[in-house]
Amino acid sequence: MSRYLKGRDIALQTVAAQLVLTLVAAATALAINDSVAISILIGGIIGVTANLWLALIAFRPALGAPTQRMLAAFYMGEFGKFIITAVLFLLAFKQIGFLKEAAYAATMIMAYVIVQVIAWTYPLMRRKV
């Protein structure tokens, strides 16, 4: 298997792990409160969506493509991830009334942060296994 396919495969597995964690956390939070569960789901999905974009765009060029093309793909992936994250947070705060309460907003942001931590740690944990 080429490094290109292996890297893309790991990136997509990381996004899948983020999605599973988000869904499990949101389902578990249903026992606490519907609004908490929705806050967790929204924060997690924002992170998953942005990271999926990055994984798909950054690994688009084939291994052996010119360095500038590969670097441009990563920059485009990161730029898109930033824009997607900003737009989705803006929409969430504008469209969902209970997110104006500090506790729910903090829960959503914490879910997003946890999803990002998974993006950083999952590949490292996977290597050791």
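This structure is a prediction, so every number in the text was calculated from the model and none was measured. (Residues numbered from 1 in each chain as written. Predicted model: local features only at pLDDT ≥ 70, side-chain atom pairs only at ≥ 80, totals over all residues. Heavy atoms only, no water.)

> In this structure, what is going on with the layout of surface pockets? I would like to understand it.
Unoccupied space between atoms shows up once a probe the size of one water molecule is rolled over them. Reported here for the largest pocket is a volume of approximately 340 Å³. Lining the largest pocket are 18 residues; nearest its centre among them are Ala11, Leu54, Ala55, Phe59 and Ala119. Secondary-structure elements contributing two or more residues to the lining of the largest pocket are α1 (3-29), α2 (34-58), α3 (67-95) and α4 (102-128). With six residues, the single largest contributor to the lining of the largest pocket is α1. Grouping the constituent residues of the lining of the largest pocket by class yields eleven nonpolar, five polar and two charged. (1 Å grid on protein atoms, 1.4 Å probe; cavity = no way out; pocket = protein on both sides within 12 Å on 5 of 7 lines; lining within 4 Å. Points joined across faces, edges and corners; volume = space filled by probe spheres on them. Helix = DSSP H or I, 4+ residues; strand = E, 2+ residues; numbered from the N terminus. Nonpolar A, V, L, I, M, F, W, Y, C, P; charged D, E, K, R; others polar.)

> I'm lost on the packing of aromatic side chains in this one. Help?
Aromatic ring pairs: the centre-centre distance and the angle between the two ring planes describe each pair. This structure, assessed with the given rule, holds four aromatic pairs. For the pair Phe89 and Phe93, a centre-to-centre distance of 6.3 Å together with 20° between the ring planes defines the contact as stacked. Of this pair, Phe89 and Phe93 are both found in helix α3, four residues apart, which corresponds to roughly one turn of the helix. For Phe89, a relative accessible area of 14% gives the class buried. When its relative accessible area of 28% is taken as the criterion, Phe93 is described as partly exposed. (Phe/Tyr/Trp six-rings, centres within 6.5 Å; stacked < 30°, edge-to-face > 60°. Buried < 20%, exposed > 50% of the residue type's maximum accessible area, 1.4 Å probe, protein only.)

> Please clarify how the nonpolar core should be interpreted in this entry.
Of all hydrophobic cores here, the largest spans 14 residues; its most connected members are Ile40, Ile42, Ile46, Leu99 and Met108. Elements that contribute at least two residues to this core include exactly α1, α2, α3 and α4. Broken down by element, the residue count for this core peaks at five residues, all from α2. Setting aside its immediate chain neighbours within four residues, Ile42 contacts Ala92, Ile96, Leu99 and Met108. Counting five residues, the second-largest nonpolar core is a separate cluster that includes Ala11, Val15, Val48 and Ala55. (Core = buried A, V, L, I, M, F, W, Y, C linked by side-chain atoms within 4.5 Å. Contact = heavy atoms within 4.5 Å.)

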